[in-house]
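A structural walkthrough
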Amino acid sequence: MEVINTDNTKAQMRKGVLELCILSILSQGDAYPTEIIDKLKTSKLVVVEGTLYPLLTRLKNSGLLAYRWEESTGGPPRKYYRLTELGENYLKELQNSWKELVNVVNTTIESGKKL
Amino acid sequence: MNKTVTINISGIIFHIEEDAYQQLNSYLNALKNYFAKTESGDEILQDIEIRIAELLQKNLNSNKQVIVLLDVNEAITTMGKIEDIINENAEGEAKKDTNQQNEHVKRRLFRNPDEKAIGGVCSGIANYLNIDTVWVRLAMFLLIFFGGLSAWIYLILWMIIPIAKTTAEKLSMRGEPITINNISKSIKDEAQELKTKYGNTFKKSDYSERIKNNLSSSISTIANIFTRLFGLIILMLGGLLLLTYIGTILGISVANSSNSYYNWRQIIFDSGKQYALAIIALLIIFGVPIITLIYGGIKLLFKIKYSNRWLNLSLLFLWITGIIIGSFVALNTLKDFSKESIIKETKAISFGDTLYIKSVSAAEIIKPNNYSNHEDIVDELERGAKYCIAEQNNKLELIGRTELDIVESESDSTYLEIIYKSKSETKKAASELAKKIKFSYTQNTNSLLINEIYACTQNNKFRTQNVKLILKLAKGKCVYLDENVKYNISDIDNISKTLDEDMAKHYWKMSNDGLICTNCSSSEKNNDSVKIDTSDINSIKVDKQLHTTTIQLNKELRDK
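Everything numeric in this text was worked out from a predicted model, so none of it was measured.

Turning our eyes to something else, we now look at the side chain of D482(B). All names here are of chain B. On the secondary structure map, D482 appears in the loop between β14 (478-481) and α19 (500-503). Despite its burial, D482 pairs with no opposite charge; the closest candidate is K358, at 4.8 Å N-O. Among the polar contacts listed, one links the side chain of D482 to the backbone nitrogen of N484, at a separation of 3.0 Å. For D482, the contacting residues outside a window of four places in its chain are I357, K358, A504 and K505.

Of the residues lining the interface, 26 residues belong to chain A; the matching set on chain B comes to 27 residues. Taking both partners together, chain A and chain B bury about 2100 Å²; carbon and sulfur atoms supply 51% of that area. Inspection of the chain A/chain B interface yields five salt bridges. Linking E43(B) and K60(A) is a salt bridge whose minimum nitrogen-to-oxygen distance equals 2.5 Å. Secondary structure elements with two or more residues in the side of chain A that touches chain B: α1 (10-27), α2 (33-42), α3 (52-61), β1 (65-70) and β2 (78-83) of chain A.

Once that is clear, we can look at the pattern of salt bridges. Under the counting rule described, the total for this entry stands at 23 salt bridges over all chains. Salt-bridge contacts for D336(B) lead to R463(B); the nearest nitrogen and oxygen are separated by 3.3 Å. Note that D336(B) is positioned in the loop between α15 (309-335) and β4 (339-349) and R463(B) in the loop between β12 (453-455) and β13 (466-473), a separation of 127 residues in sequence. Here D336(B) and R463(B) have matching classes, each one buried. Linked by salt bridges that have partners in common, E49(A), R78(A), R51(B) and E54(B) make up one network.

Below, the discussion takes up the packing of α3(A) against helix α2 (residues 41-58) of chain B. At a minimum axis separation of 9 Å, α3(A) and α2(B) run at an interaxial angle of 130°. Put simply, α3(A) runs oblique to α2(B). Considering only the axes of α3(A) and α2(B), their crossing is right-handed. In this structure, α3(A) uses Y53(A), P54(A), T57(A) and K60(A) to contact α2(B), whose residues at the interface are E43(B), I44(B), D47(B), I48(B) and R51(B). Considering only residue class, the contact of α3(A) with α2(B) consists of four nonpolar, one polar and four charged.

Parameters and conventions
- Residues numbered from 1 in each chain as written.
- Chains lettered and ligands numbered in written order.
- Predicted model: local features only at pLDDT ≥ 70, side-chain atom pairs only at ≥ 80, totals over all residues.
- Heavy atoms only, no water.
- Helix = DSSP H or I, 4+ residues; strand = E, 2+ residues; numbered from the N terminus.
- Buried < 20%, exposed > 50% of the residue type's maximum accessible area, 1.4 Å probe, protein only.
- Lys, Arg positive; Asp, Glu negative; His and termini not counted.
- Salt bridge = Lys/Arg side-chain N within 4 Å of Asp/Glu carboxyl O.
- Polar contact = N/O pair within 3.5 Å; in protein donor to acceptor, adjacent residues only side chain to side chain.
- Contact = heavy atoms within 4.5 Å.
- Buried area = accessible area lost by both parts, 1.4 Å probe.
- Axes fitted to C-alpha atoms, helices over the stretch in contact; angles between N-to-C directions.
- Parallel < 35°, antiparallel > 145°, perpendicular 65-115°, else oblique.
- Left-handed = near helix turned anticlockwise from the far one by under 90°.
- Nonpolar A, V, L, I, M, F, W, Y, C, P; charged D, E, K, R; others polar.

Quick look at the structure:
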């Protein structure tokens, strides 16, 4: 789950960030995919919704997320995701490395501009 | 007005227009195809379906109750096109999977509706074999000269090969690699499979159910094997019959070019039309069931469920037509043979003790007629033919062999009875034909000279015309049958039960019990040739009076 990988493309980068965003959203409270999507859409992180589901499933499979079914009025049942303990720890780690990364990247970009 | 389909997405029922359904179905299939290779693919797809259900539901209200194509397209745009999802989701592994899939492209045989002359069979085969359609068509065309073989082959293929209806089928027909762009189109045909699979995942299956499933699946496997075996047998039978059938067609076409066959059909059938109809009827009556056998066999063998109702009905209709034509021709032809006329002449014959019966040979009789096939006729008659056809200036003349019978006279004198027979549609026409038979004989003191053959009038049809001479021989009188009447002898009863041809060159006396040979050696009388090793024979006892031979065999041989 390293954010930086030499092979990473732009899409990979965004996906890494996407992971962080999803976990952050869930850290504020349980949500089902549509809610997550609505929040992400405002931040323009999700281009197409279809990509979100594989990611959620993967996070769930690696134990960072858990879910429960909830009935909805008139609609299909909703899958509410929440952060697990593991997920919370992971999020903290991720947030730290993200801050570091942003600092490193910013300084690198800045110094690049100066040169 | 549009047709709607009712579908169930994540437990929500939607009424969806057909085109929209197709679109959604192919989209979900494409997704399923893609996610099938990733971990928890089913779950991801289930989540996506839930979201799609939600998106579609948003567009519905009390005024709008049906999902249309627009809604589906909107949902797909929101979810993202398959390419986008795949690109976004792409990792080394997933990419490898799609590549692998490309390599596993399998060509499938379809009829090609986009490039068809008749049913798209040829271009379908060409696509399958990856060759130019021209070659297949050329091959089909050449096969026409083998008794129209390709017509039947084409018909069968037309029936059993399904048409490529969907883009996916067209893709796999052309064997085009299923690229990301093609995925959505290429797997429509798996829709059914998807449905059943999804139906199962939502079902809770307990143990007893599983056992039941296993049991029924093994039973169905056995049934499957039997069905296929049965199909194979039917197919082989059909193939065998087809070969016979083609052989017969070839035989007929070869025979058609021979003179004598042509003449026969000319002289039997009332018109050329009747003959043509008879052939057509036979081709249909035997052809259709053979095709049906092969069709059914292939369908069973390869478990093809596709069936073309229109073609099935046409085949049935064709067959019934064949039977109607056939019965029409048969009835018409039988009618021509329905009435018989017999003309009888009786002449008293006086001679000394023995009457020498000879014949004027056919060659001699027909010589002055200068038939164009003179030699053929003589040849045929020498081989014992009963009828043959003479040709002269394209006109045909039926020639038949005179029949000779000898019976005991009821009085003291000998008579010769000449019977002219013919059949036809009416009694009158039959007697007309019988009267026109040309036959003659001469009787001198001790000899009776009969014409070996009789001839019918030119262009008279063959209606089993016949001339029969019955010599009513007075008791005590004798006849000598010359060698050249041997083929004329027709079932003459005699005491020694000598066969007709063997009666020639002998003297026959009318005794109290019937005709008896007066100069036959015993070896000639016994016509049953039995090969017996002489060492097996103990004794041979010949009773000349009874004309029987008793052979005593060794005990061992008797036991055998």
